[in-house]
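Single-letter residue listing:
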Amino acid sequence: MRLKTKLSISLIFLFLVIVLFGVLGVVYINILSDQSQQILKNNYESLVYSNNMLTALENIKIRKDAVQEFSDNLAKQQKNITEIGEKESTDELTRNFHELLADPEDSSNYPEIRQSIYQIEQLNEMAILRKNSVATKTAETAKLVLTIIFTILTLIAFSFIYNLPAIISDPIRTLSEGIAAIANKNYAKRIYLRQKDEFGDLAHSFNIMAGKLDEYENSNLAKIKFEKSRIETIINQMRDGIIGLDEKRHILFLNAVSEKLLGLKESDIIGKYAPDVALKNDLMRTLLQDKNSKEELKIFADNKESYFNRDVLTVQNNDQVIGQVIVLRNITLFHELNEAKTNFIATVSHELKTPISSIKMSAQLLTDERIGSLNTEQKELTYSIYDDAERLLKITSELLNMAQVETGNIQLKIQPTTPEDILKLSLHAVQFQAQQKGIELLPNIQPSLPLINVDQEKTAWVLINFITNAIKFSPEKSQIDIGIYQKEGDICFEVQDYGRGIDQKYQGRIFDKYFKVPGSHESLGGTGLGLAISKEFIESQGGTIWVKSKIGQGSSFGFSFRQTA
Ligand code: ADP
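Quick look at the structure, then. If you're wondering where the values come from, they're calculated on a predicted model, not measured in any experiment.

Definitions and cut-offs
- Residues numbered from 1 in each chain as written.
- Predicted model: local features only at pLDDT ≥ 70, side-chain atom pairs only at ≥ 80, totals over all residues.
- Heavy atoms only, no water.
- Helix = DSSP H or I, 4+ residues; strand = E, 2+ residues; numbered from the N terminus.
- Contact = heavy atoms within 4.5 Å.
- Patch = residues over 30% accessible without salt bridge, like charges linked within 9 Å, V, L, I, M, F, W, Y side chains within 5 Å.
- Areas by Shrake-Rupley, 256 points an atom, 1.4 Å probe, with all protein chains shown as cover.
- Salt bridge = Lys/Arg side-chain N within 4 Å of Asp/Glu carboxyl O.
- Pairing = 2+ DSSP bridges.
- Axes fitted to C-alpha atoms, helices over the stretch in contact; angles between N-to-C directions.
- Parallel < 35°, antiparallel > 145°, perpendicular 65-115°, else oblique.
- Left-handed = near helix turned anticlockwise from the far one by under 90°.
- Nonpolar A, V, L, I, M, F, W, Y, C, P; charged D, E, K, R; others polar.
- Phe/Tyr/Trp six-rings, centres within 6.5 Å; stacked < 30°, edge-to-face > 60°.
- Buried < 20%, exposed > 50% of the residue type's maximum accessible area, 1.4 Å probe, protein only.
- Lys NZ or Arg CZ within 6 Å of the ring centre and 35° of its normal.

## Looking at the side chain of Asn109
Positionally, Asn109 belongs in the loop between helix 3 (86-102) and helix 4 (110-183). Ignoring any residue separated from it by four or fewer positions in sequence, one finds Asn109 in contact with Asn96, Glu99 and Leu100.

## Quick word on a nonpolar patch on the surface
A cluster of nonpolar side chains, namely Ile12, Phe15, Leu16, Val19, Val23, Val27 and Ile31, defines an oily patch on the protein surface of about 610 Å² accessible area. As for its placement among the helices and strands, Val23 is situated in helix 1 (residues 3-58).

## With respect to the sheet that holds strand 4 (residues 304-317)
Within the open sheet, the five strands sit side by side as 2-1-5-4-3. Their pairing is antiparallel. Each having just a single partner strand, strand 2 (251-254) and strand 3 (297-301) make up the two edges of the open sheet. The sheet shows a mean angle of 30° between the axes of neighbouring strands, taken without regard to direction. Pairing of strand 1 (residues 241-246) with strand 2 involves three bridges; the strand directions are antiparallel. Each bridged residue has a counterpart across the sheet, and for Leu245 the counterpart in strand 2 is Ile251.

## Notes on the packing of helix 11 (residues 376-407) against helix 15 (residues 530-540)
Two elements in contact, helix 11 and helix 15, have axes whose closest approach is 10 Å; the angle formed by their N-to-C orientations is 45°. Between helix 11 and helix 15, the angle is such that the two are oblique. As helix 11 packs across helix 15, the resulting crossing turns out to be left-handed. Between helix 11, through Glu398, Asn401, Met402 and Val405, and helix 15, the contact on the second element is made entirely by Gly530, Ala532, Ile533, Glu536 and Phe537. A class-by-class count of the residues in the contact of helix 11 with helix 15 yields five nonpolar, two polar and two charged.

## Here's the deal with the packing of aromatic side chains
Counting across every chain of the model gives nine aromatic pairs. With a centroid separation of 5.6 Å and an interplanar angle of 70°, the aromatic rings of Trp461 and Phe537 are classed as edge-to-face. Residue Trp461 is found in helix 13 (residues 456-472), and its partner Phe537 is found in helix 15; the two are separated by 76 residues along the sequence. Judged by relative accessible area, which is 1%, Phe537 ranks as buried. Where Phe493 meets Phe559, the ring centres are 4.8 Å apart and the plane angle is 15°; that geometry is what we call stacked. Of this pair, Phe493 sits in strand 10 (residues 490-496) while Phe559 sits in strand 12 (residues 554-562); the two residues are 66 residues apart in sequence, bridging distant segments of the chain. By relative accessible area, Phe493 is classed as buried at 0%. Note on Phe559: relative accessible area 0%, which makes it buried. Positioned above the aromatic ring of Phe537 is the side chain of Lys458, whose terminal nitrogen or guanidinium carbon lies 5.4 Å from the ring centre.

## Some words on unusual backbone geometry
What you tend to see is this: most non-glycine residues have negative phi, and most peptide bonds are trans. Here Lys185, not a glycine, exhibits a phi torsion of approximately 65°, which is positive. When its relative accessible area of 57% is taken as the criterion, Lys185 is described as exposed. The backbone phi angle of Asp319 is positive, close to 65°, even though this residue is not glycine. Within the fold, Asp319 resides in the loop between strand 4 and strand 5 (320-330). The exposed category is assigned to Asp319, whose relative accessible area is 75%.

Okay, structure coming up:
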């Protein structure tokens, strides 16, 4: 039955019950009222008339109006005959009264008159008693009927009070539980209501909706699972190692390469806090430390040595960091190629050094007058051969040095040296070059400097490189200051020129291999290796190297060593 019908029936029933109760009450009150009215009218009035007639009879001889009074009350009594036998008594009384009227002084029939009046009184009193008992019975019947109806209604009302809220609230509760389950993504939830009312319809619609959601969720889930496994396959087949961490550095995934490199199984460490794993795994520790380090990682795995570059990518979603991906890029191939290149350069430059030196020496010998005289043209050609040979020698020596630096084969001969010795060695090497450009070299060495523990040859090489560059980039007939001084316990060497200077934006890259300031000196030649080798030479001895320069004002290159006690 529909809920609306149920509620309507209940209300109609209540309405009918109220109407029935009211009608019954009114009917019984009317019956009781009629009965008491009849007692009053039919019997009580007859008693009053009888009493009045008795009083008038006593006064007939005393008061003249008593006869009239008797006659009036008798007339009223004659019109109020209601009981059986009352008419006969009233007729008897009428006859006796007429006899009395014929001779008012004769009081012989007074007893008959009284007797008739008493009879009338008695009949009415009896009737009052009888009617009273009828009214009492009616009242009791009314009380009983109304009590029964009241009891039944109370029971029905109580059953309504007990059942009606549950009829509405139970399905509402079940429905709201179902809605809460759906809100919690429990799409398998269904509602079973037995009733065939509006709630039943609602439950049916709810189940259809939940079914559709379930279907949608499952199809989405399948899609997501498929995409996930595809991404996992791609990640697993990559040659680079990949490790995923969440924002709290718990391990999310590891591909096959990183499993091999770390020597760990993904299933053993998934969900673990990465720093905890790092406690027992050296590689993981290295990967988590200093994520900006660009140092190559040499890893021994799978019975071979491989080289990796570490890259740490921060994963963001809507400006919020949601994790990190550590990529271990396999650079073994590049490393091997680079090594082959370095070895090749080292071999070639080493092999070239001797023949070029002999070319240089031969050219020098040719210009010697003692061997034979050359004409002017021949002399110029010989000088040109000498210059080119010297430049070639410089390049090969730089390439050789660089190869040594790259292979980590710098052989240092550390010994106590005076800064003066290093200066002298350097000035001797560059003097000729400076003279050719009319440049004045102005050394300024602080007196009584302590000895320093360095490789004299390599340190002088760096100073020579600084001065050679300074000469190269200075205008003719300018000056170059060479300062050697002590500052805060450090022994510093500084070469200041007044040439074109270096743009601020290139100063950070000036010590990189093969770097040359764009457009600065195509005509001047150079490999772009001198400063890179200088940096390696100084730093491998524990020193510091720097550049200060302002465009148009000149440059100052320097290095320093901490003075050893
Ligand atoms: P190169 O052999 O090419 O001179 P370096 O490594 O010695 O190589 O120098 C790298 C580059 O730095 C040079 O090519 C030049 O552009 C710039 N450079 C070096 N010294 C100076 C200097 N004193 N003044 C201006 N530029 C300089």
